[in-house]
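Okay, here's what each chain looks like letter by letter:
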Amino acid sequence: MKPALISIVLPIYNQADHVRSAVESYMEALRKIPNPYEIILVTNGCSDNSLEVCQAMAEQHAAVRVKNSEQAGWGLAVKLGLKDARGDILCYTNLARTSAEDLTLMLIYAVAHRDVVIKTNRKIRESWQRRLGSLLYNLECRALFDLPYWDINGTPKVFPRRFDKLLALTCDDDLIDAEFNLICRREGYRVIEIPTFSPKRHGGRSTTSYRSAIKMYWGAYRMWRALERKGDT
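Residues numbered from 1 in each chain as written. Predicted model: local features only at pLDDT ≥ 70, side-chain atom pairs only at ≥ 80, totals over all residues. Heavy atoms only, no water.

(A) Just the sheet that holds strand β1 (residues 6-12), in detail. Pairing in this open sheet of 7 strands is mixed, and the strands run β3-β2-β1-β4-β6-β5-β7 from one edge to the other. Two strands close off the open sheet at either side, each with one partner strand: β3 (64-69) and β7 (191-197). Direction aside, the axes of adjacent strands within the sheet are offset by 20° on average. Of the strands in this sheet, β1, β2 (37-44) and β3 are in contact with helix α1 (residues 19-29), which crosses β2 at around 165°. In the packing of helix α4 (residues 100-112) onto the sheet, contacts are made with β1, β4 (89-92), β5 (117-123), β6 (157-160) and β7, and the angle to β7 comes to roughly 160°. (Pairing = 2+ DSSP bridges. Helix = DSSP H or I, 4+ residues; strand = E, 2+ residues; numbered from the N terminus. Axes fitted to C-alpha atoms, helices over the stretch in contact; angles between N-to-C directions. Contact = heavy atoms within 4.5 Å.)

(B) Up close: the layout of surface pockets. By volume, the second largest pocket amounts to about 270 Å³. Taken together, the elements giving at least two residues each to the lining of the second largest pocket come down to α6 (176-187) and α7 (210-230). Its residues assigned to classes, the lining of the second largest pocket comprises 7 nonpolar, 1 polar and 5 charged. (1 Å grid on protein atoms, 1.4 Å probe; cavity = no way out; pocket = protein on both sides within 12 Å on 5 of 7 lines; lining within 4 Å. Points joined across faces, edges and corners; volume = space filled by probe spheres on them. Nonpolar A, V, L, I, M, F, W, Y, C, P; charged D, E, K, R; others polar.)

(C) Geometry of the nonpolar core. Formed by 35 residues in total, the largest nonpolar core has its most connected members in Phe145 and Leu166. Among the secondary structure elements, those contributing two or more residues to this core are β2, α3 (74-84), β4, α5 (128-145), α6 and α7. Sort the elements by how many residues they give to this core and α6 lands first, with 6 residues. Ignoring any residue separated from it by four or fewer positions in sequence, one finds Leu166 in contact with Leu82, Val117, Phe159, Phe180, Ile183, Cys184 and Tyr189. (Core = buried A, V, L, I, M, F, W, Y, C linked by side-chain atoms within 4.5 Å. Buried < 20%, exposed > 50% of the residue type's maximum accessible area, 1.4 Å probe, protein only.)

(D) Local environment of the packing of α1 against helix α2 (residues 50-60). Two numbers describe how α1 lies on α2: the axes approach to 10 Å, and their chain directions differ by 35°. Classified by chirality, the crossing of α2 by α1 is right-handed. Across from Val19, Arg20 and Val23 in α1, the residues of α2 making contact are Val53, Cys54, Ala56, Met57 and Gln60. Here the contact of α1 with α2 is composed, by residue class, of 6 nonpolar, 1 polar and 1 charged. (Left-handed = near helix turned anticlockwise from the far one by under 90°.)

(E) Quick peek at the side chain of Ser69. Its place among the elements puts Ser69 in strand β3. The class for Ser69 is buried, based on a relative accessible area of 11%. Aside from chain neighbours lying at most four places away, what touches Ser69 is Thr43, Asn44, Gly45, Leu76 and Leu80.

(F) Structural context of the pattern of salt bridges. This structure, assessed with the given rule, holds 10 salt bridges. Among the salt bridges present, the one from Glu38 reaches Arg65, with a minimum N-O distance of 2.8 Å. Of this pair, Glu38 sits in strand β2 while Arg65 is found in strand β3, placing the two residues 27 residues apart along the sequence. For the pair Glu38 and Arg65, one class covers both residues: buried. Ionic pairing is found between Lys79 and Asp172, a salt bridge with its closest N-O pair at 2.6 Å. Within this pair, whereas Lys79 is found in helix α3, its partner Asp172 is found in the loop between β6 and α6, the two being separated by 93 residues in sequence. Taking relative accessible area as the criterion, Asp172 reaches 35% and is therefore assigned partly exposed. Among the ionic contacts, a cluster of salt bridges with common partners joins Glu38, Arg65 and Asp84. (Salt bridge = Lys/Arg side-chain N within 4 Å of Asp/Glu carboxyl O.)

(G) Quick look at the environment of Glu28. Tracing the sequence through the fold places Glu28 in helix α1. On the basis of relative accessible area, Glu28 is assigned to the partly exposed category, the value being 47%. Separated by 72 residues in the primary sequence, Glu28 and Ala100 place their C-alpha atoms 8.2 Å from one another.

(H) Here's a closer look at the packing of aromatic side chains. Counted according to the given criterion, the structure contains 7 aromatic pairs. Measuring from ring centre to ring centre gives 5.9 Å for Tyr221 and Trp224, while their planes differ by 35°; the resulting arrangement is tilted. Taken as a pair, Tyr221 and Trp224 lie in helix α7 at a separation of 3 residues, close to a single helical turn. Look at Tyr221 and you get partly exposed, because its relative accessible area is 30%. In this structure an aromatic cluster arises from ring pairing among Trp74, Tyr92, Phe159 and Phe180. Residue placement shows Arg142 over the ring face of Trp150; its charged tip is 3.9 Å from the ring centre. (Phe/Tyr/Trp six-rings, centres within 6.5 Å; stacked < 30°, edge-to-face > 60°. Lys NZ or Arg CZ within 6 Å of the ring centre and 35° of its normal.)

By themselves, these figures tell us nothing about what the structure is for.
Take a look at the structure:
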């Protein structure tokens, strides 16, 4: 049987300083997996030269492709990448915080278990404020949506193409990860969470702030209310 093609979607937002080194470390680590792969770099709303750096990598490496959006948004970039993906096994992740070792580990599990979703469960080692904020958001999502998963926003997330409901994600912002997990529960897609340690950023600055965190808390509540009105929770 021909090995399944793996598509790896990497949203890029002002990451010109580290996107090349991170992607090349992924390509080196992916030699451990016999499957062919493609890496889709989705630049979105960048004000630096991320697009030029990504385009140069695409010219250098046949496995790398670039999609560009003038509009920024984590969810938007994920959706654009998944729509363009050709693989049988689909993955998206946060390039800044995903090590080559963790990405490879998730993909090895996904290749071995083609009937489940594989996602990380990060053990956050940063400031207590970040740990507390993550805990509160995860508790909110578990309570509102009856989710059994502990790390809602944790990436990499990997799933087989035949789980096609996950290709119909709608959120353009950070709520796409809650939507992803909600679809898994609603559709009965089995999920395996693999513990990993949240690594030091490859570079750049986190876009998560107190303001964006509050928007996520409020957004999750609004999503729940909308589903309640539809009778879909």
